[in-house]
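Each chain is listed here by its residues.
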Amino acid sequence: MTTTIPTLPAPLGLLAELTHRCPLGCPYCSNPLELDKRSDELDTATWARVFHEAAALGVLQVHLSGGEPAARRDLEDIVQAARDASLYSNLITSAVGVTNERLLALSDAGLDHVQISIQDSTPESADHIAGYKGALARKQALAAEVVRLGLPLTVNVVVHRANIDHIEAMVDLALALGAGRVEIAHVQYYGWALKNRAALMPTREQVERAVGQVEAMRTRHHGRIVIDAVVPDYFARFPKPCVGGWGRRSINVTPAGKVLPCHAAEVIPGLEFWNVRAHSLGDIWRSSPAFNEFRGTGWMQEPCRSCVRKDKDFGGCRCQAFLLTGDARATDPVCHLSPHHALVEQLADVRADAPYSYRS
């Protein structure tokens, strides 16, 4: 059943996946296993149109992501297009392939913010996780240049079993790099992370210890750096609202132009995703079958349908529900009220010391 809500909230953010090309091989990458080809990527003019249409919808910021956005030779023009559309632009980068000269050109084009991912606090571990020798050194060098140019810097840390015990050291590194914010993002098990779940899954003891460390660091570093962190899904009592609720606050455009309510939505079979090559972003936001599929609450099953939290977490993640139960309308099994919650508890106890299947 398709549910349409009469008044749509304005989307606030646009995730622009400019390319799936990337020099790193992170085993938790959120990109799909089947990557878009370079020949299928949207051109500069189409991205410029999409940005103006996003601004008309109410979008305030665009996250320029990938893959590695710097693989696009026209990245400076894309940043300029975001500025022309009056969007706040955030470059999400691996830092590999971004020279000081290129960063200066991006800043001159109107780039507002840079987010750099780090895989661990030591070169040996960080480079092993990234599948790229010298990755951490390049990230440190680019971060220094970002700060020198006066651009705001966020450090993103994706946490899993191999690095969760180093959270304090990674926050210290973010401080040393001059970041104003650090995002501690526990692995979400979609795409490549799902393929590597047993190798990435931390223990409950590690998670509980990390939660305590984060709270202590928030107190210790108050006023110096903002620390964003949430409990990882498989160890939570209630699910998170997927990107603020399906089709409520966020728009994701793939390199080839498909428009998704969230980055993993293509894992759900049977959904019809419209493309910006054939439709305006406004039409897609309002009328796309995929966006309307899980809007509102009319699609919900029990226990979500009668739950007091249904307008708060919106039943949790639809992609996770499908991947774990085979039914995208099911309660996210992360929720302790889900009839499938025992499955999450079982999977959280499955660990393996197998080599990573690196993103390729």
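Below: a short report on this structure. The residue count restarts for each chain, going from 1 along the sequence in the order it is written. Reporting of local features is limited, given that this is a predicted model, to residues whose pLDDT is at least 70; pairs of side-chain atoms are given and counted only at 80 or more, and all residues count toward the totals for whole chains, interfaces and linings. No hydrogens and no water enter the side-chain calculation; it runs on all heavy atoms of the structure.

Comments concerning helix α9 (residues 204-220)
Okay, step 1: A run of H or I in DSSP counts as a helix once it spans at least four residues, and a run of E counts as a strand once it spans at least two, with each numbered from the N terminus. Any helix carries an expected span of 1.5 Å times its number of residues minus one. The end-to-end C-alpha distance of α9, which contains 17 residues, comes to 24 Å, matching closely the 24 Å that a straight helix rising 1.5 Å per residue would cover.
Okay, step 2: Where α9 is concerned, the buried positions are Q206, V207, A210, Q213, V214 and M217. The arc that holds every buried residue of α9, seen down its axis, measures 125 degrees, which confines them to one face. Projecting away from the buried face of α9 at angles above 90 degrees are the exposed residues E205, E208 and T219.
Okay, step 3: Contacts between residues were defined by any pair of non-hydrogen atoms, one from each residue, lying within 4.5 Å. Looking at the buried side of α9, the elements it contacts are α6 (167-177), β6 (181-186) and β7 (226-229). Burial status follows relative accessibility: with a 1.4 Å probe on protein chains alone, a residue under 20% of its type maximum counts as buried, one over 50% as exposed, and anything between as partly exposed. Arc, as used here, means the arc of the directions from the helix axis to the C-beta atoms.

Brief notes about the sheet that holds β6
Okay, step 1: At least two DSSP bridges between two strands are needed for those strands to be called paired. Within the open sheet, the nine strands sit side by side as β7-β6-β5-β4-β3-β2-β1-β8-β9. Their pairing is mixed. The open sheet has two edge strands with one neighbour each: β7 and β9 (259-260).
Okay, step 2: Note: strand β5 (residues 153-159) against β6, six bridges, orientation parallel. Across the sheet, residue V155 finds its bridge partner in β6, namely V182.

Side note on the environment of V158
Okay, step 1: Tracing the backbone shows V158 in strand β5.
Okay, step 2: V158 sits in the buried class, given a relative accessible area of 14%.
Okay, step 3: In sequence terms V158 and A328 are 170 residues apart; their C-alpha atoms lie 26 Å from each other.
Okay, step 4: Not counting the four nearest positions on each side in its chain, V158 is found in contact with Y28, I118, N163, A185 and V187.

Focus: the packing of aromatic side chains
Okay, step 1: In this analysis, rings of Phe, Tyr and Trp, with Trp reduced to its six-membered ring, are considered paired at centre separations within 6.5 Å, and the interplanar angle assigns stacked below 30 degrees, edge-to-face beyond 60, and tilted for intermediate values. Taken as a whole and judged by the stated rule, the model has six aromatic pairs.
Okay, step 2: Summarising the aromatic geometry, the rings of Y189 and Y234 are spaced 5.1 Å apart at their centres and angled 65 degrees between planes, so their arrangement reads as edge-to-face. Taken together, the residues Y189 in the loop between β6 and α7 (191-195) and Y234 in the loop between β7 and β8 (250-253) connect sequence positions 45 residues apart. Y234 carries the same exposure label as Y189, and that label is buried.

Observations concerning the side chain of T19
Okay, step 1: Summarising the element assignment, T19 is placed in the loop between β1 (13-17) and α1 (44-57).
Okay, step 2: Take T19: its relative accessible area is 0%, and that puts it in the buried class.
Okay, step 3: Filtering out sequence-adjacent residues up to four positions away, T19 remains in contact with E41, S65, G66, G67, E68, P69, A71, R72 and P255.

Re the environment of I129
Okay, step 1: Counting through the fold element by element, I129 comes out in helix α4 (residues 123-130).
Okay, step 2: A C-alpha to C-alpha distance of 22 Å links I129 and D349, two positions 220 residues apart in sequence.

Quick notes on the side chain of E68
Okay, step 1: If you trace the backbone, E68 turns up in the loop between β2 (61-65) and α2 (75-84).
Okay, step 2: One polar contact links the side chain of E68 to the main-chain amide nitrogen of S94, over a distance of 2.7 Å.
Okay, step 3: With residues up to four places along the chain from it excluded, the contact list for E68 reads T19, R21, C22, P23, T93, S94, A95, V96 and V98. Here a polar contact is recorded for every N or O atom pair within 3.5 Å, except that within protein the pair must consist of a potential hydrogen donor and a potential acceptor, and residues adjacent in sequence are included only if both atoms are side-chain atoms.

Considering the state of the cysteines
Okay, step 1: Two cysteine sulfur atoms form a disulfide, by the criterion used here, when they sit within 2.5 Å. If you walk through the whole model with that rule in mind, you get zero disulfides.
Okay, step 2: Between C307, a cysteine without a disulfide, and C335, which holds the nearest cysteine sulfur, the sulfur-to-sulfur distance is 6.4 Å.

A few points about the pattern of salt bridges
Okay, step 1: When a carboxyl oxygen of Asp or Glu is within 4 Å of a side-chain nitrogen of Lys or Arg, the pair counts as a salt bridge. Enumeration over the complete set of coordinates arrives at 18 salt bridges.
Okay, step 2: In this structure, the salt-bridge partner of R21 is E41, at a minimum N-O distance of 3.0 Å. Of the two residues, R21 sits in the loop between β1 and α1 while E41 sits in the loop between β1 and α1, which places them 20 residues apart along the sequence.
Okay, step 3: Classification of E41 by relative accessible area gives buried; the value is 11%.
Okay, step 4: Among the salt bridges present, the one from E41 reaches R72, with a minimum N-O distance of 3.6 Å. Pair noted here: E41 is in the loop between β1 and α1 and R72 is in the loop between β2 and α2, with a separation of 31 residues, a long-range link.
Okay, step 5: Via salt bridges that share partners, R21, E41, R72 and D74 belong to a single interconnected network.

Some words on helix α5 (residues 135-148)
Okay, step 1: Compared with the 20 Å implied by 1.5 Å per residue over 14 residues, the 20 Å span of α5 between its first and last C-alpha is a close match.
Okay, step 2: Those residues of α5 hidden inside the fold are in contact with β3 (88-93), α3 (100-109), β4 (113-118), α4, β5 and α6.

Comments concerning the packing of α6 against α9
Okay, step 1: In this analysis an axis means a line fitted to C-alpha atoms, helices contributing only their contacting stretch, and an angle means the value between N-to-C directions, from 0 to 180 degrees. Taken N-terminus to C-terminus, the directions of α6 and α9 make an angle of 30 degrees; their axes are 10 Å apart at the nearest point. It follows that α6 is roughly parallel to α9 by the angle criterion. As for the relative orientation of α6 and α9, their crossing is right-handed in sense. Where α6 approaches α9, its residues I167, E168 and V171 are matched on the opposing element by A210, Q213, V214, M217 and R220.
Okay, step 2: Throughout, the ten residues Ala, Val, Leu, Ile, Met, Phe, Trp, Tyr, Cys and Pro are labelled nonpolar, Asp, Glu, Lys and Arg are labelled charged, and all others, Gly among them, are labelled polar. Here the residues of the contact of α6 with α9 sort into five nonpolar, one polar and two charged. Reported orientations rely on four angle classes, namely roughly parallel under 35 degrees, roughly antiparallel over 145, roughly perpendicular from 65 to 115, and oblique for the rest. Crossing handedness is defined as follows: a turn of the near helix away from the far one that is anticlockwise and smaller than a right angle gives a left-handed crossing, while the clockwise case is right-handed.

Description of unusual backbone geometry
Okay, step 1: Residue G67 is reached from G66 by a cis peptide bond, and omega for that bond is 10 degrees.
Okay, step 2: Along the chain, G67 turns up in the loop between β2 and α2.
Okay, step 3: Residues E302 and P303 are joined by a peptide bond in cis, for which omega reads 5 degrees.
Okay, step 4: Mapping P303 onto the fold places it in the loop between α11 (289-293) and α12 (310-313).
Okay, step 5: Phi angles above zero are rare outside glycine, and F314 is one such case at about 55 degrees.
Okay, step 6: Within the secondary structure layout, F314 lies in the loop between α12 and α13 (318-325).
Okay, step 7: Residue classification places F314 among the buried residues on the basis of a relative accessible area of 14%.

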